[in-house]
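The lines below spell out each chain.
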Amino acid sequence: MQAGGKPRIGVIGTGAIGGFYGVMLARAGYDVHFLLRSEFAAVAEAGLRVDSAVHGALTLQPAQAYRSAADMPPCDWLLVGAKTTSNADLAPAIIQAAADGAKVLLLQNGLDVEEELRPLLPDSLHLLGGLCLICVNRLGPGVIAHQALGAINIGYHSGPGTDQAARMAIVEEGAGLFRAAGLDSQAMPDLGQARWQKLVWNVPYNGLSVLLGASTTPLMADDHSRGLIQALMAEVVRGAQACGHEIAPGYAEYLFTMTGKMPDYWPSMYHDYSQRRPLELEAIYARPLARARAAGCELPKIEALYQALAFIDRRKH
């Protein structure tokens, strides 16, 4: 804990997401520590830079950068910005960097990402999920481009929070960190529902960017791709409802309209594909499909998109 009662924050996985939110929190006066792998030397030397269309050119120099979690001070909050494809390997770093009773916030896309990590963590750690509504990507070592948005919605998954009131107090504490950094943040009472809501955007735009080789502006400019996006969104809503999560009427249309007004954006899955990294197919496609199927709901368009992406993913390695 910092002097003045502010929590100490660690970032595990300082890519576009972890770097952006970490820089914003550090600029708000929080003591933020960044764990890096391949980009450690560059960030240790030159710090972190965010070129933001919203907040301007932001620089954090020096950045408190570490190559090993064992070297980090005990952190009260840990923001996990690494890809879901590496979740099984994250637990040792989280445990090493966590203070007693720390709150671990997964800033990741997809469904049930907490389920994979929870058994690998001590029961004393709180595990939360964060849904980032943001257009951001990495330009180079320690350099991040932020095009639009930035809100983050937070929900409690599991841990020593004994009842709903205690859990929501922790969620509100997390949301308060981001609000203090000038970012919109909402406490979500149902993390599962919040994750399905995020899938309404992620399922169509991430997958179609890879399959069609197109960013959001051309996808939204063509009648055929627009129709496919809306059909995929409708299937996500149907899957969520089958699993007991009510998506508000008009929510999919709101996201669709919002995307049409956004700056042109290449979703994160396209960047993974172009840089020959594994695609996050399990969290974004396979798990929602399995959940819906178990509830008696088939999602044929999402299934077809998933099968095509799995073929592409296998071919590029």
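Residues numbered from 1 in each chain as written. Predicted model: local features only at pLDDT ≥ 70, side-chain atom pairs only at ≥ 80, totals over all residues. Heavy atoms only, no water.

S.K.: Looking at this model, I keep getting lost on the layout of surface pockets. Mind explaining?
M.R.: One water molecule sets the probe size; rolling that probe over the atoms shows where empty space is left. Each pocket or cavity is described by its volume, and for the second largest pocket that value is around 240 Å³. Around the second largest pocket sit 15 residues that line it, and Asp112, Glu115, Leu191, Gly192 and His245 are the ones nearest its centre. Taken together, the elements giving at least two residues each to the lining of the second largest pocket come down to α4 (113–117), β9 (143–158) and α6 (191–212). Ranked by residues supplied to the lining of the second largest pocket, first place goes to α6 with four residues. The class makeup of the residues in the lining of the second largest pocket is six nonpolar, three polar and six charged. (1 Å grid on protein atoms, 1.4 Å probe; cavity = no way out; pocket = protein on both sides within 12 Å on 5 of 7 lines; lining within 4 Å. Points joined across faces, edges and corners; volume = space filled by probe spheres on them. Helix = DSSP H or I, 4+ residues; strand = E, 2+ residues; numbered from the N terminus. Nonpolar A, V, L, I, M, F, W, Y, C, P; charged D, E, K, R; others polar.)

S.K.: Which parts of the structure should I look at to understand the pairing of strand β2 (residues 31–35)?
M.R.: The two faces of a sheet get side chains in turn, since along a regular strand they alternate between them. Within β2, five of the five residues are buried, which leaves it mostly tucked inside the rest of the structure. Burial along β2 is two-sided: Asp31, His33 and Leu35 facing one way and Val32 and Phe34 facing the other are all buried. Sheet topology places strand β1 (residues 8–12) next to β2; five bridges connect them, and they run parallel. By the bridge assignment for β2, Ile9 is matched with Val32. Read from β1 through helix α1 (residues 16–27) to β2, the crossover connection turns out right-handed. Both β2 and strand β5 (residues 64–66) contribute to a ladder of three bridges, which runs parallel. (Buried < 20%, exposed > 50% of the residue type's maximum accessible area, 1.4 Å probe, protein only. Pairing = 2+ DSSP bridges. Right-handed = clockwise from strand over helix to strand, strands pointing away.)

S.K.: Before we go on, may I ask you to explain the pattern of salt bridges in this structure?
M.R.: Once the charged atoms of two side chains with opposite charge are near each other, the side chains can pair. Here the structure, examined in full by the defined rule, presents 15 salt bridges. The partner of Glu303 in a salt bridge is Arg293, with the nearest N and O atoms 2.8 Å apart. A residue pair is termed long-range when its members are at least 10 positions apart, and Glu303 in helix α12 (residues 300–315) and Arg293 in helix α11 (residues 281–294) qualify at 10 residues. By relative accessible area, which is 39% here, Arg293 ends up partly exposed. Overlapping salt bridges, with partners in common, bring together Lys83, Asp272, Arg277 and Glu280 in one network. (Salt bridge = Lys/Arg side-chain N within 4 Å of Asp/Glu carboxyl O.)

S.K.: Would you mind going over the packing of aromatic side chains with me for this structure?
M.R.: Any pair of aromatic rings gets described here by the distance separating the centres and the angle formed by the planes. Counting across every chain of the model gives seven aromatic pairs. Note on Tyr21 and Phe178: the rings are 5.6 Å apart at their centroids and 85 degrees apart in plane angle, and the pair reads as edge-to-face. Placement of Tyr21 in helix α1 and of Phe178 in helix α5 (residues 164–180) is noted, with a sequence separation of 157 residues between them. Residue class for Tyr21 comes out buried when judged on its relative accessible area of 0%. (Phe/Tyr/Trp six-rings, centres within 6.5 Å; stacked < 30°, edge-to-face > 60°.)

S.K.: Would you explain the side chain of Ser209 in this entry?
M.R.: By the element assignment, Ser209 lies in helix α6. When neighbours within four sequence positions are excluded, Ser209 is seen to be in contact with Ala214, Leu219, Trp266, Pro267 and Tyr270. (Contact = heavy atoms within 4.5 Å.)

S.K.: Can you walk me through the state of the cysteines in this structure?
M.R.: For the coordinates displayed, the defined rule picks out zero disulfides. For the unlinked cysteine Cys243, the closest cysteine sulfur is that of Cys297, found at 7.5 Å. In this structure Cys243 comes out as partly exposed when scored by relative accessible area, which is 26%. On the basis of relative accessible area, Cys297 is assigned to the buried category, the value being 8%. (Disulfide = S-S within 2.5 Å.)

S.K.: Any chance you could explain unusual backbone geometry here in plain terms?
M.R.: Glycine aside, negative phi is the norm for most residues, and most peptide bonds take the trans geometry. Along the chain, Gln61 connects to Pro62 via a cis peptide bond; the corresponding omega equals 5 degrees. Secondary-structure assignment places Pro62 in the loop between β4 (56–60) and β5. Here the phi dihedral of Asp112 falls at roughly 60 degrees; this positive angle occurs in a residue that is not glycine. On the secondary structure map, Asp112 appears in the loop between β7 (98–106) and α4. Residue Arg276 is not a glycine yet carries a positive backbone phi of 60 degrees.

S.K.: Even after reading the chapter, I still don't get the packing of α6 against helix α8 (residues 223–242), so can you show me in this structure?
M.R.: When two helices pack together, you describe them by how their axes are tilted relative to each other and by the distance separating the axes. Between α6 and α8, the least distance of the axes is 9 Å, while the angle of their chain directions is 145 degrees. As for how α6 packs across α8, the hand of that crossing is right-handed. Residues Trp196, Leu199, Val200, Val203, Pro204, Tyr205 and Leu208 of α6 lie in contact with α8, whose contacting residues are Leu228, Ile229, Leu232, Met233, Val236, Val237, Gly239 and Ala240. (Axes fitted to C-alpha atoms, helices over the stretch in contact; angles between N-to-C directions. Left-handed = near helix turned anticlockwise from the far one by under 90°.)

S.K.: Where do I start with the packing of α8 against helix α9 (residues 251–261) in this structure?
M.R.: Between α8 and α9, whose axes approach to 10 Å, the crossing angle comes to 145 degrees. Two packed elements cross with a definite hand, and for α8 against α9 that hand is right-handed. Counted together, Arg226, Ile229, Gln230, Met233 and Val237 of α8 and Ala252, Glu253, Leu255 and Phe256 of α9 form the full contact between these two elements. Considering only residue class, the contact of α8 with α9 consists of six nonpolar, one polar and two charged.

S.K.: Which parts of the structure should I look at to understand the environment of Ile94?
M.R.: Looking at the element boundaries, Ile94 is found in helix α3 (residues 91–97). A relative accessible area of 0% means that Ile94 is categorised as buried. In the structure, Ile94 is positioned 88 residues away from Gly182 in sequence and 26 Å away in space, judged by C-alpha atoms. Contact partners of Ile94, with chain neighbours within four places excluded, come to Leu78, Val80, Val104, Leu117, Leu121 and Leu125.

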